[in-house]
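# Understanding the architecture of this molecule
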Amino acid sequence: MKNSLQKIGAFIAGLLVLAACEPEINDAVKVSKGDLNLDKYVAVGNSLTAGYMDNGLYREGQLSSYPNILAGQFRQAGGGEFTQPLFTEEQANGSGYLRLAGFGAAGTPELAPVTDKLAIRSQNPTLYTKYTEEINNLGVPGIRMSDILTPGYGSALGNPYFERITTNPTQTYLARVVASNPTFFSCWLGNNDVLGYATAGAAANDITTPEIFTANTTEIINALTANGAKGIVATIPDVTGIPFFTTVGPTVKSLLSAAGAPGMIALTRKGSARVPFAVSQIKDATGGTILFPLTASAYLPLVGQRTGKYWRDLARQAVPTNPTLGLANILQNLQVDTTQLFGLSAGNPWPSALLLDDAEQKEVSDATISFNSVLKAKAQEKNLAVYDAYAYFNSIQSGFTQNGVSYSTAFITGNLFSLDGVHLTPRGYAIVANEMIKAINTKYNSRIPTADITQYRAVLFP
C-alpha cells in the first residue's frame, strides 16, 4: 500500500509539473532532408509500429504511433503523405483496450476493459474491420521476424491484424513489404521473437532460432533496400526492464517478508521441474533477480493457501470445452496437489507462467543480444541508420527529466509505458520518434526537427 501511495503521489506531482511546463522548442535550425528521399516513407514492424497501447490497438494509439509522428516531422522537410489503416471514428476503440478506472483500497490500480465502439467483425476467429487501401504503416501487432515468410499469415486463420490490411490471404508479409516500394523506411521487427516467450514466463511459445532470425532479417532488409531506399533499423529492447516485469516483484517480496516466509517454490519452463528460491532473490530496489509479471498480481492473495484456483483457471482457458478433463490432465502432468500450500510447497508450486527465473532470463537475454547483433550488422552492411532501443531503454532505467517532467520505466507513474506495461504511451512513442530522428539526422546529414512531446499524453487518470 505504501508503495502504491508513493506512486500516486509521484504521479500527481508529475501532473502539476506537466501543467506548468512549456512545450519543447526546437533549436532554430534550417530544416533539411539531407541525403534522404522522403517521398514515400514506409514503416515495417510489430505492435510498437502500429501504435498498440493499453493492451489494444485503437484509433488514438494509431494516431500517436511513432511512424505517424516521424512522418509529420518528415513533412517539414518535404516528406510525402503517410497513410495508416486507421479505425473509423465510429469504431475508434478498435480491438478494445484497458483504461485506468481507479485505485483499490490498498492503492492498487484498477483496470477496466473498454468494450464499446469496437471494430470486430467476427468473434470466432477474431477478425477486425477491413482496411484495404494503400498504406504506409505496415505495423502488425504480434508479428515475429520468423513470421515474415509464412504463407497464409494474412488469412482468417493467420494474424487478424495482417488479415485486416490485406486482400490476398496467401500473400506473405515479406511480399507485402516488397510491394510497398519505399524511398525511406523504418524497420523495428524482432521484439516478439523473444517477448512472447518472456511474457509467458517461458511456459509457452519459443524463442526464434538464430538461423531463422538471421535469414529473415537478411531477406527483409535486402527487400527494403533493393531499390536504393535508405532507412533506419531499431534493435530489440531488454524486455526484462519493462514495467510488465518490474512492478509486481517488490510487492511479493514485501508480503513474504512480512509473513516470515523464507521463499517460494515455482515451476520452471514448460515441464514439471521445480525451482526453489529465497525471498531475497526476488527483484526490487534493494536487489534480487527473480521477476514476476503483471499477470501474477491476481494470484498473489492466494499464496500460502490450499487452493487450486490458478489451475482451474488455466484449464478453462486451455480446454474450454471440457475444463474438468483439462484440470485433471494439468494436475497429473505437472504433479500438482492442490491440498498443499500454493506457491510455498513443492506439491502446489507457483506457476511457471507467473514468473521469470534466472535461467529463463538468461535465455531471453542471450537471444536478445544475439538478435541485436544480427540487426546492427545488417544495418551496417547496408549503411543504414540504427536506433539502438536496447541501449536507450537500459540508459533510462533510473529515469530522466525533460521540460521539467520526470520520466521513468515505472508502471503508470513513469509517463512512458501504457497500462499493459509493455507498450508505450503516446508520450513514450513521441520520445522514441525523437530518438529516431536524432539517429537519422546523424546518419544522413539531415536536419529534421524533433517533435513537441508535450502534445502527446501519458497515462490518463479517471
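Source: prediction; values computed, not measured. (Residues numbered from 1 in each chain as written. Predicted model: local features only at pLDDT ≥ 70, side-chain atom pairs only at ≥ 80, totals over all residues. Heavy atoms only, no water.)

Our focus in this paragraph is the overall build of the protein. Across its full length, the protein holds 15 helices and 13 strands. Taking 462 residues into account, the globule formula puts the C-alpha radius of gyration at 23 Å, and the protein, at 23 Å, falls close to it. Reported as C-alpha extents along the three principal axes, the dimensions of the protein are approximately 70 × 55 × 45 Å. Looking at the protein as a whole, 52% of its 462 residues qualify as buried. Taking as baseline every contact in the protein between residues at least 6 positions apart, the subset at least 24 positions apart corresponds to 73%. On the protein, roughly 19400 Å² of surface is accessible, and the fraction owed to carbon and sulfur atoms is 54%. Averaging the positions of the 33 positive and the 34 negative side-chain charges in the protein gives two centres separated by 1 Å. (Helix = DSSP H or I, 4+ residues; strand = E, 2+ residues; numbered from the N terminus. Rg over C-alpha atoms; globule rule 2.2 N^0.38 Å. Buried < 20%, exposed > 50% of the residue type's maximum accessible area, 1.4 Å probe, protein only. Contact = heavy atoms within 4.5 Å. Areas by Shrake-Rupley, 256 points an atom, 1.4 Å probe, with all protein chains shown as cover. Lys, Arg positive; Asp, Glu negative; His and termini not counted. Charge placed at Lys NZ, Arg CZ, Asp CG, Glu CD.)

A separate point is the pattern of salt bridges. Counted by the stated rule, this structure contains 15 salt bridges. Note that E60 is salt-bridged to R457, the shortest N-O span being 2.7 Å. With a gap of 397 residues between them, E60 in helix α3 (residues 59-63) and R457 in the segment after α15 (426-444) connect regions that are remote in the sequence. Note on E60: relative accessible area 30%, which makes it partly exposed. Using a relative accessible area of 19% as the deciding quantity, one classes R457 as buried. D313 serves as the salt-bridge partner of R316, at 2.4 Å between the closest nitrogen and oxygen. Taken together, the residues span about one helical turn, with R316 and D313 both in helix α11 (residues 309-318) at a distance of three residues. By relative accessible area, which is 17% here, D313 ends up buried. Connected through shared salt-bridge partners, D54, E60 and R457 make up one network. (Salt bridge = Lys/Arg side-chain N within 4 Å of Asp/Glu carboxyl O.)

Our next topic: the domain arrangement of the protein. Assigned domains within the protein: domain 1 (41-240 + 359-455) and domain 2 (244-354). A separation of 31 Å is found between the C-alpha centroids of domain 1 and domain 2. Taking both sides of the interface into account, the surface hidden between domain 1 and domain 2 amounts to around 1300 Å²; carbon and sulfur atoms contribute 52%. The largest share of the area that domain 1 buries against domain 2 comes from T240, Q361 and F411, three residues that together contribute 29% of it. (Domains from an automatic or database assignment. Buried area = accessible area lost by both parts, 1.4 Å probe.)

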